[in-house]
Structure formats: structure tokens, C-alpha cells
Amino acid sequence: MKRILSIIALVFIINACDDGDLQVDNIDFEDIIAKKCDVKDVIYKIKDSEILFVEIPATIFVNDETLVDAPISIPITGDVKVTYRQYNDIVTLDNICPTVPSATPNVIEEWRATSGTIEITTTAIKTTDAVTNATKITGYKNYIVFKNIAFQKPSGIQTYDTYVFGNYNTNIAALAFGFDEDNAVKSTCSDVVYNFNGSEVLTFAPADFATLFANEVTTTPRTALIDATNTLSYRLYNNVVDNDHFCTNPTPSTPTLSQQWNAVEGVTNVSGMIEVSTTTFGTSFQHTIHLKNVSLKKGNSQFSLGDDYILGKIITNP
């Protein structure tokens with residue numbers, strides 16, 4: 001009997017000591033893939049009967065890399081919201097994405113963030129050609145973290161110094177780069193070399209056209225380095241462009257430019273190199289333009305044209 005009484009007393013003491021302690025609940029969606037609603041600016045994660053979602057303007061995700069240690073930072077306030085919900089049964093996107101979400105299953109608990117910051121670190125998703133080492137950007141990975149977030153829940157306030165929401169990926173159409181090396185031309189109004197492919201154009205403006213494209217057969221290629229005077233750019237328009245577009249003064253307002261990528265300045269014998277090889281072409285001369293280890297950049301994002309990309313071949317007359 002004494003032993004039983006001792007056990008009962010011990011249980012009573014433990015319970016008494018625990019009286020008043022706050023029961024801390026945690027939500028864990030780290031291994032769940034984030035998705036976006038089609039008709040709403042809502043990014044969500046679903047795990048059985050739970051949903052964690054972020055209401056955030058789509059314009060925040062600009063499809064450009066963020067600088068190292070400089071994530072995009074957005075306060076949780078106004079139009080930017082973070083919410084957790086638990087339901088009494090399995091949930092689907094129909095419970096969050098439609099203009100009028102499904103009323104069933106029923107919400108049995110909801111947490112709403114009252115303060116905090118959303119930090120987004122964005123990196124480009126690239127594919128690499130194993131033969132040429134050329135890369136293409138096919139999307140962007142947005143790593144989302146909540147900082148100093150406070151949730152108002154039925155039993156009180158739940159806080160996290162750092163809560164990892166995880167990755168939300170956006171897909172983009174990779175640039176076509178469907179250039180034919182035989183379509184390169186020298187401009188009729190300047191010393192600029194173009195290669196056109198429908199609505200995209202690759203432009204090389206040499207500092208000294210006469211020297212780089214001299215009418216003499218080469219035994220070793222003539223070289224130039226991409227810099228402020230030897231420039232290369234890729235432009236994508238919303239419609240077909242040709243040489244007349246660039247030779248009209250002033251330049252026509254249509255078609256409109258949708259993207260421009262500029263070549264990164266080169267490093268001697270390493271990157272950003274232009275090589276021109278010249279052969280005879282009947283009574284004329286044919287110049288083949290090679291781009292060696294050239295990268296193109298827009299904003300903070302860049303991709304490589306690979307070890308050796310042929311801009312094209314142009315013909316000049318003596």
C-alpha cells in the first residue's frame with residue numbers, strides 16, 4: 001500500500017510541476033513540394049489534412065537571381081499573408097485555389113501570421129550540354145524562409161525565429177537560339193554583324209571591323225576580346241525583325257523588345273573571345289565568326305554559349 005501511495009504522490013508532484021507550462025505545437029512541411037494556384041497569387045503546400053499557404057503578389061518573383069547574401073525581403077502585412085490550416089479530413093487544392101474554395105472538409109484549426117518577414121533567395125535552374133558545355137536557363141528556384149514569424153492560433157502565439165517554407169520553382173521557356181550560321185550578315189548601314197532567326201537576333205559590334213574582317217586568308221584566326229568596344233548582345237522581340245529594323249532612323253517602336261542579354265566582358269585566353277577565320281569564296285572572302293567561352297547576362301542571371309559557338313559566316317568583297 002505504501003508503494004502505491006508513493007507512486008500516486010510522485011505523479012501528483014510531476015503534474016503539479018508541469019502545471020502552467022505552454023504546450024508548443026510545430027508545423028512541418030519541409031519535404032512537401034510547393035505549388036501555385038492558377039487563378040490566385042497563392043503558393044501552397046498540402047500534407048494530408050493540413051495546408052500551409054502564402055498569399056503574395058506574383059510580381060515578387062521576377063525570374064532573376066538574387067545576389068549572394070541579399071535575398072528579397074517582404075514584410076508579412078497587408079496583401080502578403082501566411083496561413084496554416086488543419087482540416088477534419090484530407091484536403092486538396094480545391095480547398096484553397098478556386099475563387100470560391102470548397103467548403104468541405106471543415107477547418108478545425110487556423111493559424112494566421114501577424115508579423116514577420118519573408119525572405120526569398122532565387123537561383124537559376126540550368127541545363128548543360130555535355131558536348132558543348134553550353135547552358136540554358138529553364139526556370140528559377142525560389143528558396144523561401146520566414147524570419148521572426150508570429151502566428152496567432154487558438155491557444156495563443158506561436159513564434160519561429162526561422163521557419164523554412166522551402167523551394168518554389170517557376171518555369172520559363174528556354175531561349176530558342178535557333179540561329180543558322182549561314183544567315184549571318186553585315187549590316188547595310190553600319191559595321192555591325194547580325195544573325196537573325198525570326199524574332200531573335202544576335203548582334204556583334206566590333207571596334208575595328210576592317211582589321212578583324214580583313215580580306216586576307218588567315219592561317220591563324222584573328223582575335224578580339226569582348227569589352228566595352230567589342231560588344232555582343234542577344235535580343236528577343238515580340239515579332240519578326242530584320243536588318244531594315246536597325247537601319248531605319250529612328251529605330252521603329254515595333255516590334256517591341258522583350259528581352260536583351262549582353263555578353264560578359266572577356267578575360268584574355270580564358271573567356272569572352274571572338275575568333276575570325278577567313279577563306280576565299282569565289283572572288284570574295286568568307287569570314288567565320290567563333291564565340292569562345294562567351295556568356296550572356298541579364299540582371300543577375302547569366303548562361304554560357306559553350307566552348308565554341310559559331311555566330312555565323314559573312315561575305316565581304318575586295
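Higher on the page you've got the structure.
Enquirer: Report on the overall build of the protein chain, specifying residues and quantitative values.
Expert: Assigned secondary structure in the protein chain consists of three helices and 19 strands. Relative to the compact-globule value of 20 Å for 318 residues, the protein chain shows a C-alpha radius of gyration of 30 Å, a clear excess of over 25%. Overall size of the protein chain, expressed as C-alpha extent along the three principal axes, is 115 × 45 × 30 Å. Relative to its full complement of 318 residues, the protein chain shows a buried share of 40%. Sequence separation of 24 or more characterises 61% of the internal contacts of the protein chain that already satisfy a separation of 6 or more. Carbon and sulfur atoms make up 51% of the accessible area of the protein chain, which amounts to about 17,600 Å² in all. Averaging the coordinates of the 22 positive side-chain charges in the protein chain and doing the same for the 37 negative ones gives two points 5 Å apart.

Enquirer: Lay out the packing of aromatic side chains in plain terms, naming residues and giving numbers.
Expert: Counted according to the given criterion, the structure contains 19 aromatic pairs. Among the aromatic residues, ring-to-ring pairing joins Phe 29, Tyr 84, Trp 111, Phe 146, Phe 151, Tyr 160, Tyr 163 and Phe 165 into one connected group. Over the ring of Phe 29 we find Lys 47, and its NZ or CZ is 5.2 Å from the ring centre.

Enquirer: Lay out the pattern of salt bridges in plain terms, naming residues and giving numbers.
Expert: For the structure on display, the rule yields seven salt bridges. Where Glu 110 meets Arg 85, a salt bridge forms, and the shortest distance between an N and an O atom there is 2.6 Å. Of this pair, Glu 110 sits in strand S6 (residues 107-128) while Arg 85 sits in strand S5 (residues 81-87), and the two are 25 residues apart along the sequence. In this structure Glu 110 comes out as partly exposed when scored by relative accessible area, which is 25%. Arg 112 is paired through a salt bridge with Glu 110; the nearest N and O atoms lie 2.8 Å apart. Note on Arg 112: relative accessible area 38%, which makes it partly exposed.

Scoring rules and cut-offs
- Residues numbered from 1 in each chain as written.
- Predicted model: local features only at pLDDT ≥ 70, side-chain atom pairs only at ≥ 80, totals over all residues.
- Heavy atoms only, no water.
- Helix = DSSP H or I, 4+ residues; strand = E, 2+ residues; numbered from the N terminus.
- Rg over C-alpha atoms; globule rule 2.2 N^0.38 Å.
- Buried < 20%, exposed > 50% of the residue type's maximum accessible area, 1.4 Å probe, protein only.
- Contact = heavy atoms within 4.5 Å.
- Areas by Shrake-Rupley, 256 points an atom, 1.4 Å probe, with all protein chains shown as cover.
- Lys, Arg positive; Asp, Glu negative; His and termini not counted.
- Charge placed at Lys NZ, Arg CZ, Asp CG, Glu CD.
- Phe/Tyr/Trp six-rings, centres within 6.5 Å; stacked < 30°, edge-to-face > 60°.
- Lys NZ or Arg CZ within 6 Å of the ring centre and 35° of its normal.
- Salt bridge = Lys/Arg side-chain N within 4 Å of Asp/Glu carboxyl O.

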